[in-house]
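# Examination of the molecular architecture
Each chain, written out:
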Amino acid sequence: MDAGAKLASLLIFCLFSNTLFMSSAWAADNYVTLEQPPKTEAVFDLSEYLALPEQTMPEKPEWLGPVISVMPESKSLEKTYPMIDSEHTWQPIIAPILLAPESVPNVLSTPALTEPDKVSLDKIDLMATKKFVDEHPKPPKIAILIDDLGYNRRGMEASLALPIEVALAILPETPYAHQTATRAQAQLRTTLLHAPMENQRELKLGPGGLYAKMSEQELKAVLIKDLEGLPGIQGANNHMGSLLTTKPESMKWVMEVLKERALFFIDSLTSPDSVAEKTAQEYGLKTVRRDVFLDNIRTEKAIDRQFSRLLKLARRHGSALAIGHPYPETMSYLQHRLVNLQQDGVHLVALSELLALPTPSGTAKK
Ligand SMILES: [Zn+2]
């Protein structure tokens, strides 16, 4: 395959891989960065790398891979395990890119190379394997959202004292709702409506709750009242909602109201069956889902463990979102931890930096 044909194949391949991000260095050096696993598994298959069981990976340093490289001298395939260590805090997902054989008109019909170790060398000539690294690493980003605000003054004061990048989500019609929203707005801090949604355990939602039995008109009226009670909010996330977020109809009505007001949506992901993020994407809302809850267990040790998970996910995927609560334990942990992020090589960013618009195929980032 000559260089022109290789380039053409790669371009065709990229057209079908809309989740693929190519660094500017690739043309010269054949370097490519994958921001997330591609969906076009017929072209190449990352599932092998992503399916590695967590427990087989050492805690430190963190290993990626395996990455399969073709060794030109021995004409054999060799697995290598690139790693993330403290000196190189950000390595993108590195994976082989398989070029489609020239004789195959549609790259999507190219058979997946599922067992690279057993592929004969003839096939390798057809499907050139390349190993890619990023020469211009981007530091991983984390964003933090504190929700359940509005019920007490102490939580309000402590969360307003956190770094300005930390976003706050406020429960409607609560004693400190208006004051929290106004003061956060004055700080130019991102604020959200923490919309109470029906859960599966029949826990009380408090005022402004949205329930599965509500008609379209009822649900929209309550949500609009919730939104209008909070000045300066830019988005919404669900409080509880393990039942309501699984209801496609209810979620459509929620997203219609948010869409009209150009608000974003964060899926707190309180149910694995949530359709909230997917529905938000369908309506073209900016959206992202929660990766980590910081403080389901309210001890410093447990919160620290969750924070480490957040950093690990951010290094693996480029960014990650945590949700925490205005508990004294969480507030004091974040107050000292967030000023020490430099040493982790991770950036605390505003929530807006993690929000992705849906891609044309409907698969939003992350
Ligand atoms: Zn909540």
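Residues numbered from 1 in each chain as written. Predicted model: local features only at pLDDT ≥ 70, side-chain atom pairs only at ≥ 80, totals over all residues.

What follows concerns the nonpolar core. In this structure, Ile 142, Leu 145, Ile 170, Phe 265 and Ala 322 are the most contacted members of the largest nonpolar core, which totals 62 residues. Those residues in contact with Leu 145 that lie beyond four places of it in its chain are Ala 167, Ala 169, Asn 237, Ile 266, Leu 321, Ile 323 and Leu 351. (Core = buried A, V, L, I, M, F, W, Y, C linked by C-beta atoms within 7 Å. Buried ≥ 20, exposed ≤ 12 C-beta atoms within 10 Å, placed from the backbone. Contact = placed C-beta atoms within 7 Å.)

Two numbers describe a pair of packed helices, the interaxial angle and the distance between the axes. Contact geometry of helix H7 (residues 216-228) with helix H8 (residues 248-260) gives a least axis separation of 10 Å together with a crossing angle of 40 degrees. By the angle between their axes, H7 is oblique relative to H8. When the axes of H7 and H8 are compared, the crossing they make is right-handed. Where H7 approaches H8, its residues Glu 216, Leu 219, Lys 220, Leu 223 and Ile 224 are matched on the opposing element by Ser 250, Trp 253, Val 254 and Val 257. Its residues placed into classes, the contact of H7 with H8 shows six nonpolar, one polar and two charged. (Axes fitted to C-alpha atoms, helices over the stretch in contact; angles between N-to-C directions. Helix = DSSP H or I, 4+ residues; strand = E, 2+ residues; numbered from the N terminus. Parallel < 35°, antiparallel > 145°, perpendicular 65-115°, else oblique. Left-handed = near helix turned anticlockwise from the far one by under 90°. Nonpolar A, V, L, I, M, F, W, Y, C, P; charged D, E, K, R; others polar.)

Attention now goes to helix H11 (residues 328-337). Listed in full, the buried residues belonging to H11 are Thr 330, Met 331, Tyr 333 and Leu 334. Across the axial projection of H11, the buried residues extend over an arc of 165 degrees, all falling on one side. Summarising the geometry of H11, the exposed residues directed more than 90 degrees from the buried face are Pro 328 and His 336. (Arc of directions from axis to C-beta.)

Successive side chains on a regular strand alternate, one facing one side of the sheet and the next facing the other. With six of six residues buried, strand E16 (residues 319-324) is to be regarded as a mostly interior element. Side chains of E16 alternate between two faces, with Ser 319, Leu 321 and Ile 323 and Ala 320, Ala 322 and Gly 324 buried alike. With two bridges joining them, strand E15 (residues 292-293) and E16 adopt parallel strand pairing. When the bridges of E16 are listed, Val 292 appears paired with Ala 322. In terms of handedness, the path from E15 via helix H10 (residues 300-317) over to E16 forms a crossover that is right-handed. (Pairing = 2+ DSSP bridges. Right-handed = clockwise from strand over helix to strand, strands pointing away.)

The next point concerns the environment of Lys 141. Note that Lys 141 resides in strand E9 (residues 141-149). Among the residues examined, Lys 141 registers 19 C-beta atoms within 10 Å and is labelled partly exposed. Note: C-alpha distance between Lys 141 and Gly 318 (177 residues apart in sequence) is 6.2 Å. Non-local contacts of Lys 141, meaning those with residues more than four positions away in its chain, are made with Ala 314, Gly 318, Ser 319, His 347, Val 349, Glu 353 and Leu 354.

So, about the packing of H10 against H11. As a packed pair, H10 and H11 sit with axes 10 Å apart at the nearest point and diverge in direction by 55 degrees. Viewed along their axes, H10 and H11 adopt a mutual orientation that is oblique. Considering only the axes of H10 and H11, their crossing is right-handed. For the pair H10 and H11, the contacting residues are Glu 300, Ile 303, Asp 304 and Phe 307 in the first and Glu 329, Thr 330, Tyr 333 and Arg 337 in the second. Along the lines of polarity and charge, the residues of the contact of H10 with H11 split into three nonpolar, one polar and four charged.

For Asp 148, which is not a glycine, the phi torsion comes out positive at approximately 65 degrees. Relative to the helices and strands, Asp 148 resides in strand E9. Asp 148 gets classed as buried once you count the C-beta atoms within 10 Å, which come to 21. A positive phi angle is found at Ala 262, which is not glycine, with a value near 55 degrees. Along the chain, Ala 262 falls in the loop between H8 and strand E13 (264-267).

The terminal C-alpha atoms of H8, which comprises 13 residues, lie 18 Å apart, in line with the 18 Å expected from a rise of 1.5 Å per residue. Those residues of H8 lying buried are Ser 250, Met 251, Trp 253, Val 254, Met 255, Val 257 and Leu 258. Along its buried surface, H8 packs onto H7, strand E12 (235-240), E13 and helix H9 (276-282). Following H8 by one or two positions, Ala 262 adopts a phi angle in the positive range, close to 55 degrees. (Expected span 1.5 Å × (residues − 1).)

Scored by pLDDT, the chain comes out at a mean of 73, with 60% of its residues at no less than 70. Low pLDDT, under 50, characterises residues 361-366; the stretch is placed with 16 contacts to residues that sit more than four places away or in other chains. (pLDDT = per-residue confidence, 0-100.)

Here we take up the pairing of E9. For E9, the tally of buried residues reaches eight of nine residues, placing the bulk of the element in the interior. When E9 meets E16, the two strands line up parallel, connected through six bridges. Along E16, the bridge assignment pairs Leu 145 with Ile 323. Relative to strand E17 (residues 347-348), E9 is paired through two bridges, and the arrangement is parallel.

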